[in-house]
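# Inside the fold
Take a look at the letters that make up each chain.
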Amino acid sequence: MSRSATSGGTASAQAPAQAPTRHRARGILLLVLASICFGTSGALGKPAMLAGLSPEQVAAARIGIAAVVLLVGVGLTRPALLRVRRGQWRVLLGYGLLGVAGVQLFYFLSAARVPVGIAILLEFASPVLVALWVRFVRRVRLPWPMWAGIGTALVGLALIARVHEGLTLDALGLAAGVAAAVCSAAYFLLGEHGVASHHPLGMVTWGMVVGAVAVCLVAPPWTLPAATLTAPAEIGPWHPPVWTLLVAVALFSTVLAYLAGITALRHLPASTASVLALLEPLVATSTAWVLLGESLVWVQVLGAVVLLGGALVVQLTAPAAQGGPATGTIEPLPHSEH
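Described below are features of the structure shown in this document. (Residues numbered from 1 in each chain as written. Predicted model: local features only at pLDDT ≥ 70, side-chain atom pairs only at ≥ 80, totals over all residues. Heavy atoms only, no water.)

### Some points on the pattern of salt bridges
Note the following rule: One speaks of a salt bridge when a side-chain nitrogen belonging to Lys or Arg is within 4 Å of a carboxyl oxygen belonging to Asp or Glu. Runs of H or I in DSSP of at least four residues are treated as helices and runs of E of at least two as strands, each being numbered from the N terminus. Only protein chains enter the accessibility calculation, which uses a 1.4 Å probe. A residue is then buried if its area is under 20% of the maximum for its type, exposed if over 50%, and partly exposed in between.
Tallying each qualifying case throughout the model produces three salt bridges. Across the pair Glu294 and Lys46 runs a salt bridge whose closest N-O atoms are separated by 2.6 Å. Note that Glu294 is positioned in the loop between helix 13 (279-292) and helix 14 (298-316) and Lys46 in helix 2 (residues 41-50), a separation of 248 residues in sequence. Judged by its relative accessible area of 17%, Glu294 falls in the buried class. Across the salt bridge formed by Asp170 and Arg113, the nearest N and O atoms sit 2.8 Å from each other. In this pair, Asp170 is assigned in the loop between helix 7 (144-161) and helix 8 (171-194) and Arg113 in the loop between helix 4 (89-111) and helix 5 (116-123), connecting sequence segments 57 residues apart. Accessibility expressed as a relative area gives 29% for Asp170, which makes it partly exposed. On the basis of relative accessibility, which here comes to 44%, the residue Arg113 falls in the partly exposed class.

### Quick look at the packing of aromatic side chains
Each aromatic ring pair is specified by the distance between its two centres and by the angle formed by the two planes. In plain terms, the rule: In this analysis, rings of Phe, Tyr and Trp, with Trp reduced to its six-membered ring, are considered paired at centre separations within 6.5 Å, and the interplanar angle assigns stacked below 30 degrees, edge-to-face beyond 60, and tilted for intermediate values. Placement of a charge over a ring requires the Lys NZ or Arg CZ to be within 6 Å of the ring centre, with the centre-to-atom vector within 35 degrees of the ring normal.
The full count for this structure, using the stated rule, is six aromatic pairs. Taken together, a centroid distance of 5.4 Å and an interplanar angle of 20° make the contact between Tyr95 and Tyr187 stacked. Of the two residues, Tyr95 is situated in helix 4 and Tyr187 in helix 8; the sequence distance between them amounts to 92 residues. Both residues of the pair, Tyr95 and Tyr187, count as buried. Clustering of aromatic rings is evident, with ring pairs tying together Tyr95, Tyr187 and Phe188. The ring of Phe136 has Arg135 sitting right over it, with the charged end atom 5.6 Å from the ring centre.

Next up, the structure:
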């Protein structure tokens, strides 16, 4: 979640209302910051689930707090960005339901049942799904390196799931991770379509609001157990109350991540962004290892390298007609996650 994440990146770089001045170094720093923010969502959210919250409650808290912050902030500083024409609501609703609520909800469902690193890697299969959509739905002919990248990424997924050992991963966690990848692909495709007529920041804000309403219908805020919110969570050597983790994952891993990512894509070409976006699963895996004690076996590490390599090839060899994602960053969002 994603998203990354980003997860977690959208095709927002394709819709500049005015041609901004590009500062490559600034863009790199911002995208690194966005990847770090997105990548920590699993390590911050999973201790809250281990303390007693459900994945739905964690997702609702994350999206809900982020939606309020973005809506108030944008409303006070750039209210014109919140204007929506009647014909734009269909895309915004799909973007919010799939690209925001779906990505983050399924990412946390996956992270609750499999290691955080695997959950984010499953979500990072979304560029492959976008490429397949473009080929079979838009009927755009793909160059052979893209097919090689798709095949490579699928081999990486099989290694991560340890299919050769009889699928050792939790089946529901694996299914939720694949669902997060599907929603992340929708995030890219709907984002590409939406930013053609809507400012990226306004679109992210309304997407977050729509996503918050949807997830809060599944897990209403008043059902959050007060005793669990004030109970200590275990994250590395620290034991902060659960509510502080929810605030951190909303502000640091969501609001700051989205804002940094959107701004970065105004300064960087898609090829550079695609490479830097690979920091997100590395951050997610390493923080989960350090803070949660989750580690991957060697075949899963190999699968991660193969998957990310295949996804990178898919993105870097995408034809201009593809109109796919400018970057693999999820949280979705994740992501997130991501």
